[in-house]
2 protein chains.
Amino acid sequence: MSLTHRVPDLGALELLLAVARHGSLGRAAREVGITQPAASSRIRSMERRLGVALVDRSPRGSRLTEAGALVTDWARRVVEAAEAFDAGAQALRDRRDSRLRVAASMTIAEYLLPGWLIALRAGRPDTAVSLRAGNSAAVAEALLAGDADLGYVEGLAVPPGLDGVVVGRDRLLVVAAPRHPWARRRAPLTPAELAATPLVLREYGSGTRQVLDSALAGHGGVAEPLLELASTTAVKAAAVTGAGPAVLSELAVTEELASRRLVAVPVAGAEFRRELRAVWPAGHRPTGPARDLLGLSRPGD
Amino acid sequence: MSLTHRVPDLGALELLLAVARHGSLGRAAREVGITQPAASSRIRSMERRLGVALVDRSPRGSRLTEAGALVTDWARRVVEAAEAFDAGAQALRDRRDSRLRVAASMTIAEYLLPGWLIALRAGRPDTAVSLRAGNSAAVAEALLAGDADLGYVEGLAVPPGLDGVVVGRDRLLVVAAPRHPWARRRAPLTPAELAATPLVLREYGSGTRQVLDSALAGHGGVAEPLLELASTTAVKAAAVTGAGPAVLSELAVTEELASRRLVAVPVAGAEFRRELRAVWPAGHRPTGPARDLLGLSRPGD
DNA sequence: ATGAGCCCATAAACTGACCTTATGAGCCTC
DNA sequence: GAGGCTCATAAGGTCAGTTTATGGGCTCAT
């Protein structure tokens, strides 16, 4: 039936990665903390389930088969997503009294922060991080009230009372399903055309909506939306199924663009960039773990 | 301990997504094929494990909490990776006698094909697909011998005896850890500099290596590699930890670039693009399921 | 050549997570 | 207030994955 019955569980995938690294079932077993027979049986049952031999066993160790190498690469992506899940969830848990309290806008919390937290944990395993997600105003408020040590916002400017540095850039992209007429255009869209067309947008789109509104203000403003949906993913899904063009953060659609489930439509003349900034109360440069995290998120310096 | 104890299993994540979609535990349970009490207990145990309330229960249904919405988005990425795993693995299983036999180069098989197969399954659930991965020569051979119905290759030209269409473009990027001096350069690298620098490269890098060699042939050829590693991921890992600059497919590093674990270094004057092509025996345009898959991979037409 | 040390496989028994069925309680609509 | 929906709790069954114990194959050094 469903995924669960066809895809091995995370433990099995981790075990497979360990086998790939070590070239031995026994040593892989030790790494993930089980005994060798358990590993043997688990890999075998995974091979049965997939119907493909994954490792070549020999008295001198085990190597991945060609198919095994491919499966391992797919498994790695699943495990990496699970690590990001874990890093985010762990930060979400420690509501109060954490050593490092971070407040971030939704896009950053969703797509970037988990990666930074994985890196932070690699360097400082004992740092407990807590995370609050909200719009720019909420982030600023948390920082100024002393409820957060470091913030991340996306938008056009640093909120008043805060200092900040740019840690990345994001673009809003106009995307459409490959079958949509816009996907085949030669000429870029004009801002006026975009403004006149009903789009699929986020409902509570503070970040996205704000940039879009200000970019199109001079062209008559954004048209009445075709659909207003509650989550980024809902918007993506609507766009993929061809409901209409959507405007989404570049970070949210890298996957879909690579696999061509969505196509980016160039727009002439309008600037849809927005800065991603780390912010803190004016005059109080972050110290301690906040400084470490800041360093990870702007690694160029 | 490890990931498995902190991250809910795939079934629980799917259930959570179903709850988000339906706004009700009971209906979500029905969707994933379990009973309502099972769903209730599973969601509860997930909340206990994460230490965060995920859904607001009420006599009129259940809605995600704010934290729940964030967790659900992370969960979705895990589930999507699992779906890609499944699509790939399923194709790998049906070695022989499948209705649609695909041969693809490694990069395409790894990063793009699973997405296309998910889409193919959505439209034609009963099509059994089999997959062989290999370099361009192996793909061509399989097609000409009648062992494959459709092929995908990356490279500079269509192999002799085949027809093909471009289904996408890929760039090779020079990437370095954020702390590497190249990450802070203002001026683009010159091809000669690149050619003179020892790099981290794939060992059996037919595709990547071929493009790199030909692009740098006029500048003295590629220097002796710093490291030669067996998998794309090993190369990425080495680059991230600062072993040295690497040259990798854009498709392989979108994640790392977005989270700034790696930085792309511009190169002046050298063209590192390569075409991704669907190919078939000359004169035998694909029909049936092969045509469907071809349509999915070049959705622009 | 023979024993030590690595590799993996198999067998039997234990454990626990997850499932189902059965039931109850709260809220809303008619 | 009956019937619809919602979710929670309790009791019992099932099965995957675990451990411990054992055996066989290969290689290397003595």
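Residues numbered from 1 in each chain as written. Chains lettered and ligands numbered in written order. Predicted model: local features only at pLDDT ≥ 70, side-chain atom pairs only at ≥ 80, totals over all residues. Heavy atoms only, no water.

A. How the structure looks around the protein's contact with DNA strand C. In the region of DNA strand C, 21 residues are neighbours, and Leu25(A), Ser40(A), Arg57(A), Ser62(A) and Thr35(B) sit closest. Counted by atom, the contact set of DNA strand C within 4 Å of the protein is 69% sugar and phosphate. With respect to DNA strand C, the side chain of Ser62(A) contributes an N or O atom lying 2.9 Å from a phosphate oxygen. For DNA strand C, a phosphate oxygen lies 3.0 Å from a polar atom in the side chain of Arg42(B). Looking at the surface near DNA strand C, the elements that each hand over two or more residues are α3 (25-32), α4 (36-50), β1 (55-58) and β2 (61-64) of chain A together with α4 (36-50) of chain B. A per-element tally of the surface near DNA strand C places α4(A) first, with four residues. In the surface near DNA strand C, the residues fall into seven nonpolar, eight polar and six charged. (Near = heavy atom within 4 Å. Polar contact = N/O pair within 3.5 Å; in protein donor to acceptor, adjacent residues only side chain to side chain. Helix = DSSP H or I, 4+ residues; strand = E, 2+ residues; numbered from the N terminus. Nonpolar A, V, L, I, M, F, W, Y, C, P; charged D, E, K, R; others polar.)

B. Structural context of the domain arrangement of chain A. Residues and elements named next belong to chain A. In terms of domain boundaries, chain A breaks down into domain 1 (3-95) and domain 2 (102-301). Once you take the C-alpha centre of each, domain 1 and domain 2 turn out to be 34 Å apart. The junction of domain 1 with domain 2 conceals about 830 Å² of combined surface from both sides, 54% of it contributed by carbon and sulfur atoms. For Arg121, the salt bridge identified is with Asp86, shortest N-O distance 3.1 Å. In this assembly, domain 1 and domain 2 are joined by three residue pairs in polar contact (both at pLDDT 80 or more). Counted by class, the side of domain 1 that touches domain 2 contains four nonpolar, one polar and five charged residues. (Domains from an automatic or database assignment. Buried area = accessible area lost by both parts, 1.4 Å probe. Salt bridge = Lys/Arg side-chain N within 4 Å of Asp/Glu carboxyl O.)

C. Up close: the protein's contact with DNA strand D. Around DNA strand D lies a shell of 23 residues, among which Thr35(A), Leu25(B), Ser40(B), Arg44(B) and Arg57(B) are the nearest. In DNA strand D, the atoms that sit within 4 Å of the protein are 70% sugar and phosphate, with bases accounting for the remainder. A distance of 3.1 Å is found between a phosphate oxygen of DNA strand D and a side-chain nitrogen or oxygen belonging to Arg42(A). One of the side-chain N or O atoms of Ser40(B) is found 2.4 Å from a phosphate oxygen in DNA strand D. Every element with two or more residues in the surface near DNA strand D is listed here: α4 of chain A together with α3 (25-32), α4, β1 (55-58) and β2 (61-64) of chain B. In terms of residue count, α4(A) provides more of the surface near DNA strand D than any other element does, five residues in total.

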